[in-house]
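A look at the structure
What follows is the residue order along each chain.
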Amino acid sequence: MPSLGRLHLITDTRPGRDPLTVVRAALMAARADLVVQVRVEDSATDREAYDLARRVLALCTPYGAICLVNDRLHVALAVGAAGGHVGADDLPVAAARRVLGPTGVLGATARAPGTATEAATAGASYLGVGPCHTTSTKSGLPDPIGAAGVRAVTDAVDVPVIAIGGVTAARVPALRAAGAYGVAVVGALSAAADPARATAELIEALTC
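Residues numbered from 1 in each chain as written. Predicted model: local features only at pLDDT ≥ 70, side-chain atom pairs only at ≥ 80, totals over all residues. Heavy atoms only, no water.

1. As for a nonpolar patch on the surface
Test applied: Nonpolar side chains (Val, Leu, Ile, Met, Phe, Trp, Tyr) within 5 Å and like charges within 9 Å form the patches, drawn only from residues with over 30% relative accessible area and no salt bridge. Here the Shrake-Rupley method, with its probe set to 1.4 Å, supplies the accessible areas, and only the displayed protein chains count as covering residues. Here, a salt bridge means any Lys or Arg side-chain nitrogen found within 4 Å of an Asp or Glu carboxyl oxygen. Each helix corresponds to a stretch of at least 4 residues labelled H or I by DSSP, and each strand to a stretch of at least 2 residues labelled E; elements are numbered beginning at the N terminus. For every residue, the accessible area obtained with a 1.4 Å probe (protein chains only) is divided by the maximum for its type, and the residue is called buried under 20%, exposed over 50%, and partly exposed between those limits.
A cluster of nonpolar residues, Leu77, Leu91 and Val99, forms a patch on the protein surface that exposes about 240 Å² of accessible area. Following the sequence through the fold, Val99 ends up in helix H4 (residues 93-100). Among the residues examined, Val99 registers a relative accessible area of 37% and is labelled partly exposed.

As structure tokens, this is what we get:
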């Protein structure tokens with residue numbers, strides 16, 4: 001598996017957002033420390049997902065940054081991304097691993113030690129764990145698990161844990177202290193007035 005960056009940027013394709021501008025700014029600040037996960041709205045067509053993923057991958061490649069595709073693993077394969085990420089309602093981790101092959105980067109969503117252990121055993125390269133804090137980026141999420149919930153998962157698995165949900169630079173130290181390898185963000189960058197500066201602040205918090 002390629003070296004995994006500690007800051008994961010999930011693209012925000014909601015109306016009024018400009019995901020490619022945010023990706024460009026974040027890459028300039030984080031370079032290979034960034035992982036970009038291409039996520040589109042459920043209503044987006046596969047062609048729209050493909051077009052965005054292709055453009056994101058082209059931005060990532062010169063920096064040596066990893067590009068993943070959320071949910072739509074066939075799109076990840078089609079554009080030549082490093083891998084993908086599956087949630088609880090997507091393909092089971094073992095099936096996703098068969099799709100991506102043995103060397104693809106495969107992320108899986110978990111929030112409890114039991115499901116985290118199952119996902120890691122089934123072939124997940126890393127786990128997205130949360131929501132850690134309240135977030136308005138995605139609706140229908142369960143209650144936040146906080147740093148204590150992150151610690152419960154990191155104590156149970158050996159794969160990297162990426163904390164997600166309401167992450168800010170100020171909250172990174174507590175998440176790192178809980179054992180998180182890195183963090184994933186959406187609104188912290190997509191809603192930032194200066195995404196490059198916000199990225200630099202997150203990277204600084206992750207490496208302190």
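2. Description of the sheet that holds strand S8 (residues 182-185)
Going by this rule: Any two strands with at least two DSSP bridges between them are considered paired. Axes, fitted as lines to C-alpha atoms, cover a helix only where it is in contact. Angles between the N-to-C directions of the axes lie from 0 to 180 degrees. Contact criterion: two residues are considered in contact whenever any of their non-hydrogen atoms come within 4.5 Å of each other.
Pairing is parallel around the closed barrel formed by eight strands, whose spatial order is S1-S2-S3-S4-S5-S6-S7-S8. Put simply, the sheet's adjacent strands are angled 25° from each other on average, direction ignored. Here three bridges tie strand S1 (residues 7-10) to S8, and the two strands are oriented parallel to one another. Paired with His8 across the two strands is Ala184, which belongs to S8. Lying over the sheet, helix H6 (residues 146-154) contacts strand S6 (126-129) and strand S7 (161-164), oriented at roughly 160° with respect to S7.

3. A word on the nonpolar core
Short version of the rule: As used in this record, nonpolar core signifies buried Ala, Val, Leu, Ile, Met, Phe, Trp, Tyr and Cys residues forming a set joined through side-chain atoms within 4.5 Å.
Ranked by size, the top nonpolar core spans 59 residues in total, and within it Leu127 and Val150 carry the most contacts. With residues near it in sequence (within four places) discarded, Leu127 still touches Ala108, Ala116, Ala119, Val153, Val157, Val159, Pro160, Val161 and Ile162. Counting 10 residues, the second-largest nonpolar core is a separate cluster that includes Leu4, Ile10, Val105 and Ile162.

4. So, unusual backbone geometry
The linkage connecting Gly130 with the following residue, Pro131, adopts the cis geometry, with an omega of 5°. By the secondary structure assignment, Pro131 is in the loop between S6 and H6. Despite not being glycine, Asp71 has its phi angle at roughly 75°, a positive value. Position of Asp71 relative to the elements: it lies in the loop between strand S3 (66-70) and helix H3 (73-79). With relative accessibility at 32%, the residue Asp71 sits in the partly exposed group.

5. Quick notes on the packing of helix H1 (residues 19-30) against helix H2 (residues 46-60)
Put simply, the rule reads: Angle categories are assigned with fixed cut-offs, so that under 35 degrees is roughly parallel, over 145 is roughly antiparallel, 65 to 115 is roughly perpendicular, and the rest are oblique. For a crossing to be left-handed, the near helix must be turned anticlockwise from the far one by less than a right angle; the clockwise case is right-handed.
At a closest axis distance of 10 Å, the pairing of H1 and H2 adopts a crossing angle of 15°. Viewed along their axes, H1 and H2 adopt a mutual orientation that is roughly parallel. Crossing handedness for the pair H1 and H2: right-handed. Side by side, H1 and H2 meet where Pro19, Leu20, Val23, Arg24 and Leu27 of the first sit next to Leu52, Arg55, Val56, Leu59 and Cys60 of the second.

6. Some words on the state of the cysteines
Defined as follows: Only a pair of cysteine sulfur atoms within 2.5 Å counts as a disulfide in this structure description.
This model, assessed by the stated rule, comprises zero disulfides. Cys60 forms no disulfide, and the closest cysteine sulfur to it belongs to Cys67, at a distance of 4.9 Å. Unpaired in terms of disulfides, Cys208 finds its nearest cysteine sulfur in Cys132, a separation of 19 Å.

7. Section: the packing of H1 against helix H9 (residues 195-207)
For the record, the criterion: Ten residues, namely Ala, Val, Leu, Ile, Met, Phe, Trp, Tyr, Cys and Pro, are considered nonpolar, four, namely Asp, Glu, Lys and Arg, are considered charged, and the remaining ones, Gly among them, are considered polar.
At their nearest, the axes of H1 and H9 sit 8 Å apart, and the two run at 45° to each other. For the element pair H1 / H9, the angle class is oblique. Two packed elements cross with a definite hand, and for H1 against H9 that hand is right-handed. Residues Val22, Ala25, Ala26, Ala29 and Ala30 of H1 form the contact with H9, whose own contacting residues are Pro195, Ala196, Thr199, Ala200 and Ile203. Tallied by class, residues from the contact of H1 with H9 come to nine nonpolar, one polar and no charged.

8. Considering the packing of aromatic side chains
For any two aromatic rings, the description comes down to two numbers: the centre-to-centre distance and the angle of the planes. Filter applied, for reference: Each pair of aromatic rings taken from Phe, Tyr and Trp, with Trp reduced to its six-membered ring, is defined by centres within 6.5 Å and is described as stacked if the planes are under 30 degrees apart, edge-to-face if over 60, and tilted in the remaining cases. By definition, being over a ring means that NZ of Lys or CZ of Arg is both within 6 Å of the ring centre and within 35 degrees of the ring normal.
Scanning all chains against the criterion turns up zero aromatic pairs. Lying over the aromatic face of Tyr181, Arg6 brings its terminal NZ or CZ to 4.1 Å of the ring centre.

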